[in-house]
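Secondary and tertiary structure notes
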Amino acid sequence: MQDKVKIKPIKGFNCFSILYIAGDKIRLFPVLASVCHDLDGSGLNELWLTRLNRQANTMFFGVAVSKRINKKAVNRNRIKRLMRESVRMVIDELVTAGVEIQIKTIILSWKSPISRPADIALKDVLPLIRETITKANEK
């Protein structure tokens, strides 16, 4: 059984954009995930590679919602909060079930507009994130 997995956000625009481009894409509408299982071929410079690789049992994640998709910041922030909480819940579920987490980094993007924050809830986002992370962990 795997120890507790630490979940940390990806910091910095350069690191975020390189990992987004280098990762394997998993599409499950309205979620698009970019997953890296191994950081060596990702294109990160050596400073970032040593920083990310020296932290064992740590999964890095980022969440993005485009301004083109949702014009209002309230809607974008609501989606991001729900996605972050879903990632935390799913990873905890998988670790408790004894599944080994193979993902080193994951960046999740939301590709569907909402008209107001009340239109989306955790019960809508959680199954999508669960299925996406399960698919990503199997590869």
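Residues numbered from 1 in each chain as written. Predicted model: local features only at pLDDT ≥ 70, side-chain atom pairs only at ≥ 80, totals over all residues. Heavy atoms only, no water.

**Focus on the sheet that holds strand E1 (residues 6–9)**
To be explicit about the condition: Pairing between strands is defined by DSSP: at least two bridges between the two strands are required. The secondary structure listing takes helices from DSSP runs of H or I that are at least 4 residues long and strands from runs of E that are at least 2 residues long, numbered from the N terminus. Fitted lines through C-alpha atoms serve as axes, helices being fitted only where they are in contact, and the angles separating the N-to-C directions of these axes extend from 0 to 180 degrees. The contact definition used throughout considers only heavy atoms, calling two residues in contact when any of these lie within 4.5 Å.
Spatially, 5 strands are ordered E1-E4-E5-E3-E2 in an open sheet, and the strand pairing comes out mixed. A single partner strand is all that each edge strand has here, and the edge strands are E1 and strand E2 (24–28). This sheet shows a mean twist of 25° between the axes of neighbouring strands, independent of strand direction. Strand direction decides the pairing type here: E2 and strand E3 (residues 31–36), joined by 5 bridges, are antiparallel. Within the sheet, the bridge partner assigned to Leu28 lies in E3 and is Val31. Each of E2, E3 and strand E5 (105–110) touches helix H4 (residues 122–138); the most contacted strand, E2, lies at about 145° to it.

**A word on the packing of helix H3 (residues 73–96) against H4**
Put simply, the rule is: By the definition adopted for this analysis, an angle is roughly parallel if under 35 degrees, roughly antiparallel if over 145, roughly perpendicular if from 65 to 115, and oblique otherwise. Two helices that cross are described as forming a left-handed crossing if the nearer one is turned anticlockwise from the farther one by less than a right angle, and a right-handed crossing if clockwise. When residues are sorted by character, Ala, Val, Leu, Ile, Met, Phe, Trp, Tyr, Cys and Pro go into the nonpolar class, Asp, Glu, Lys and Arg into the charged class, and all the rest, Gly among them, into the polar class.
Where H3 contacts H4, the axes come no closer than 9 Å and their chain directions differ by 50°. Between H3 and H4, the angle falls in the class oblique. Classified by chirality, the crossing of H4 by H3 is right-handed. Between H3 and H4, the residues in contact are Leu82, Met83, Glu85, Ser86, Val87, Met89, Val90, Ile91, Glu93 and Leu94 and Leu122, Val125, Leu126, Ile129, Arg130 and Ile133, respectively. Along the lines of polarity and charge, the residues of the contact of H3 with H4 split into 12 nonpolar, 1 polar and 3 charged.

**Looking at the side chain of Asn70**
Tracing the backbone through its elements, the reader meets Asn70 in the loop between strand E4 (58–65) and H3. With residues near it in sequence (within four places) discarded, Asn70 still touches Val65, Asn75, Arg76, Ile79, Trp110, Ser112, Pro113 and Ile114.

**Structural notes on the packing of aromatic side chains**
What counts here: Pairing of aromatic side chains here covers Phe, Tyr and the six-membered ring of Trp, requires ring centres within 6.5 Å, and sorts the geometry by plane angle: under 30 degrees stacked, over 60 edge-to-face, intermediate tilted. Note on geometry: a ring has a charge over it if NZ (lysine) or CZ (arginine) is within 6 Å of the ring centre and within 35 degrees of the ring normal.
Applying the stated rule across the entire model yields 0 aromatic pairs. Above the ring of Tyr20, the side-chain terminus of Lys25 is found at 5.1 Å from the ring centroid.

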